[in-house]
Amino acid sequence: MISFFVCLAILIIGYCLYSKLVEKIFGPEFDRKTPALVHPDGVDYMPMKPWRSFLVQLLNIAGLGPIFGALSGAIWGPSVYLWIVFGTLLAGGVHDFLSGMLSVRNDGASISEIVGIYLGKVMKNVMRVFSVVLLVMVGVVFMVGPAGLLAKLTPNFMNVTFWTIVVLIYYFLATLLPIDKIIGKLYPIFGVCLIVMALGIAGATILNNGTNPMMEITLENLHPDGAPIWPLMFITVACGAISGFHATQSPIISRCIETEKDGRKIFYGAMVAEGIIALIWASAGIAFYKGTGGLLAAGGGNSSTVYDMSIGLLGKVGGVLAMIGVIVCPITSGDTAFRSARLTISDWFKIDETVDNFV
């Protein structure tokens, strides 16, 4: 349990200190008008309060990766804590902050357009195609995952197919409507679910430490099948430490922040919050299944593992709340994946999406 609290402290202290160094190097201009203030269009360019922007950014990037990925990565043992902590602070946080602020400085441009500014027309076109294909694939994947979890919590007639259709309809609306109509209204509620989930799982794991102790950090490879730590663990926990997918999500909020002063809290801060979520699930998974062997036998990062952990640690009511928090993560990444694909296509073909032309 000491290792867990040390890693948690490093994440928080690292955010307070290292993120300020990164911010200083970037050099934000607090009096510079952001894209949301320069030309609000009633659809995507809309000023949003910092706390709301933070929650939207967190839910944009926190798909199933920091939960399923962290549980799968924990099969190698507590060495995964180090990758989550230092990957988040030195890689993921820096990546998310810089990609978000570059978009702010370039009028809220999508990542493909930013690549074109610095690497030329050929790479811009490559990134346009790659980004759209990637984002559509991510959106499709994030339909099936939450549908499977929802099916576990509802009557039999509400099966995976039923929930997949419901999620798809929601994605369609969240992609096309102005950002304040669905995303801006629902994400604060979803954010509360996510916070309750993280605090609940962490608290229950700590309270049960006497019977199911949280393992302390060791660099030993504890994977039951002997799979190598490098590179497999680092790839498995990519979203809990660094993910290029986040760069496609940042332009959504770069079009909404009110001042560059909020960039560090929103972009870097959301990545640290995601790292904390990953740390909680990794440590809880090892403790709940009494080691990496039990976690591997349970299936590692999948819906059944998360369901069993939530119910086992928090009981039926608390478990359902935790599951809702887990379900929120992929849904709020899937809808913004499709929204980001729309923004990328709009930037590509110079489509005017002001509210008068959009509705």
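Residues numbered from 1 in each chain as written. Predicted model: local features only at pLDDT ≥ 70, side-chain atom pairs only at ≥ 80, totals over all residues. Heavy atoms only, no water.

Enquirer: In this structure, what is going on with the packing of aromatic side chains? I would like to understand it.
Expert: Each pair of aromatic rings is reported with the distance of its centres and the angle of its planes. Taken as a whole and judged by the stated rule, the model has eleven aromatic pairs. Seen in terms of ring centroids, F26 and F97 are 5.7 Å apart; in terms of plane orientation they differ by 80°. Their pairing is edge-to-face. Taken together, the residues span a long stretch of sequence, with F26 in helix 1 (residues 2-26) and F97 in helix 5 (residues 79-105) at a distance of 71 residues. On the basis of relative accessible area, F97 is assigned to the buried category, the value being 1%. Note on W230 and F234: the rings are 5.1 Å apart at their centroids and 65° apart in plane angle, and the pair reads as edge-to-face. Take W230: its relative accessible area is 63%, and that puts it in the exposed class. Every member of this aromatic cluster is reached through a ring pair, and the members are W83, W230 and F234. For K152, the ring lying beneath its charged end belongs to Y307, and the centroid distance is 5.7 Å. (Phe/Tyr/Trp six-rings, centres within 6.5 Å; stacked < 30°, edge-to-face > 60°. Helix = DSSP H or I, 4+ residues; strand = E, 2+ residues; numbered from the N terminus. Buried < 20%, exposed > 50% of the residue type's maximum accessible area, 1.4 Å probe, protein only. Lys NZ or Arg CZ within 6 Å of the ring centre and 35° of its normal.)

Enquirer: When you look at the UniProt feature "domain: CstA N-terminal" (unreviewed entry) in the protein chain in this model, what are you seeing that I'm missing?
Expert: Per the UniProt record, the feature "domain: CstA N-terminal" (unreviewed entry) sits at residues 4-144 and 159-280. In this annotation, residues 4-144 is assigned 77% helix and 0% strand; the end-to-end C-alpha distance for the span is 32 Å. The distance separating the terminal C-alpha atoms of residues 159-280 is 29 Å; by composition the span is 61% helix and 0% strand. (UniProt positions renumbered as here; feature names shortened; annotations may be inferred.)

Enquirer: When you look at the pattern of salt bridges in this model, what are you seeing that I'm missing?
Expert: Close approach of charged atoms allows side chains with opposite charge to pair. All chains considered together, the criterion is met by nine salt bridges. Taking the shortest distance from any N to any O, the salt bridge between E23 and R264 comes out at 3.8 Å. Of the two residues, E23 is situated in helix 1 and R264 in helix 12 (residues 263-288); the sequence distance between them amounts to 241 residues. For the pair E23 and R264, one class covers both residues: buried. Salt-bridge contacts for E260 lead to R105; the nearest nitrogen and oxygen are separated by 2.8 Å. (Salt bridge = Lys/Arg side-chain N within 4 Å of Asp/Glu carboxyl O.)

Enquirer: What's the story with the packing of helix 12 against helix 14 (residues 303-349) in this structure? I'm lost.
Expert: To describe two helices that pack against each other, one gives the angle between their axes and the distance between the axes. Relative to each other, helix 12 and helix 14 sit at 155°, their axes nearing to 15 Å. One finds that helix 12 runs roughly antiparallel with respect to helix 14. For the element pair helix 12 and helix 14, the recorded crossing hand is left-handed. Counted together, W281, A284, G285 and F288 of helix 12 and V306, D308, M309, S310, G312, L313 and V326 of helix 14 form the full contact between these two elements. (Axes fitted to C-alpha atoms, helices over the stretch in contact; angles between N-to-C directions. Parallel < 35°, antiparallel > 145°, perpendicular 65-115°, else oblique. Left-handed = near helix turned anticlockwise from the far one by under 90°. Contact = heavy atoms within 4.5 Å.)

Enquirer: How should the environment of A284 be read in this particular structure?
Expert: As for its placement among the helices and strands, A284 is situated in helix 12. Residues A284 and L168, 116 residues apart in the sequence, show an inter-C-alpha distance of 31 Å. Beyond its immediate chain neighbours, meaning those up to four positions away, A284 contacts I201, T205 and M309.

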